[in-house]
Amino acid sequence: MEQDRLVYSTESGRVTTCPTCGLFYKNCRCSQPRQSTRKSDGIVRVMRERKGRGGKTVTVIDGVMGSEAELTTLAQQLKKLCGSGGTIKDGTIEIQGDHCEKVTAKLTELGYKVKRAGG
Ligand SMILES: [Zn+2]
């Protein structure tokens, strides 16, 4: 009967809110794996992606650990290296154009564990 007491309360019937966060179970994320935009395996993934209808190619660098400032600094280094523009979106760096080789070499040089992913 120990288990029943965890799921039901005698006063209000079925317990519908999470005791940890106080949200309804349908909204609760406590028992689910933490959603994060950052990969935690320490591996930086470099991939080439085509964006939009024009099919503009961008080099995407995902999984870089660090603060916003560190990402910004790294993005600046890579933009300079590639002579291209770029942006940071949700912890992912995007450099315009196909610069996978250069970016991979540079990141490796900086001490990152780099893996080529996707196309
Ligand atoms: Zn919860």
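Everything below is about the structure shown above.
Computed from a prediction, not measured in an experiment: that's the story for all the values here. (Residues numbered from 1 in each chain as written. Predicted model: local features only at pLDDT ≥ 70, side-chain atom pairs only at ≥ 80, totals over all residues. Heavy atoms only, no water.)

**Thoughts on the pairing of strand 6 (residues 92–96)**
- Summarising burial for strand 6: 4 of the 5 residues are buried, a large majority.
- Sheet analysis places strand 4 (residues 56–62) next to strand 6, joined by 4 bridges and oriented antiparallel. Within strand 6, the position partnered with I61 by the bridge is I93.
- The loop that links strand 5 (residues 86–89) with its antiparallel partner strand 6 comprises 2 residues; one of these, D90, has a positive phi angle of about 50 degrees. (Buried < 20%, exposed > 50% of the residue type's maximum accessible area, 1.4 Å probe, protein only. Helix = DSSP H or I, 4+ residues; strand = E, 2+ residues; numbered from the N terminus. Pairing = 2+ DSSP bridges.)

**Some words on the packing of helix 2 (residues 68–82) against helix 3 (residues 100–109)**
- Orientation of helix 2 relative to helix 3, taken along the N-to-C sense of each, is 135 degrees, at an axis distance of 10 Å. With respect to helix 3, the axis of helix 2 lies oblique. Relative to helix 3, the crossing made by helix 2 is right-handed. Residues L74, Q77, L78, L81 and C82 of helix 2 lie in contact with helix 3, whose contacting residues are K102, V103, K106 and L107.
- Its residues assigned to classes, the contact of helix 2 with helix 3 shows 6 nonpolar, 1 polar and 2 charged. (Axes fitted to C-alpha atoms, helices over the stretch in contact; angles between N-to-C directions. Parallel < 35°, antiparallel > 145°, perpendicular 65-115°, else oblique. Left-handed = near helix turned anticlockwise from the far one by under 90°. Contact = heavy atoms within 4.5 Å. Nonpolar A, V, L, I, M, F, W, Y, C, P; charged D, E, K, R; others polar.)

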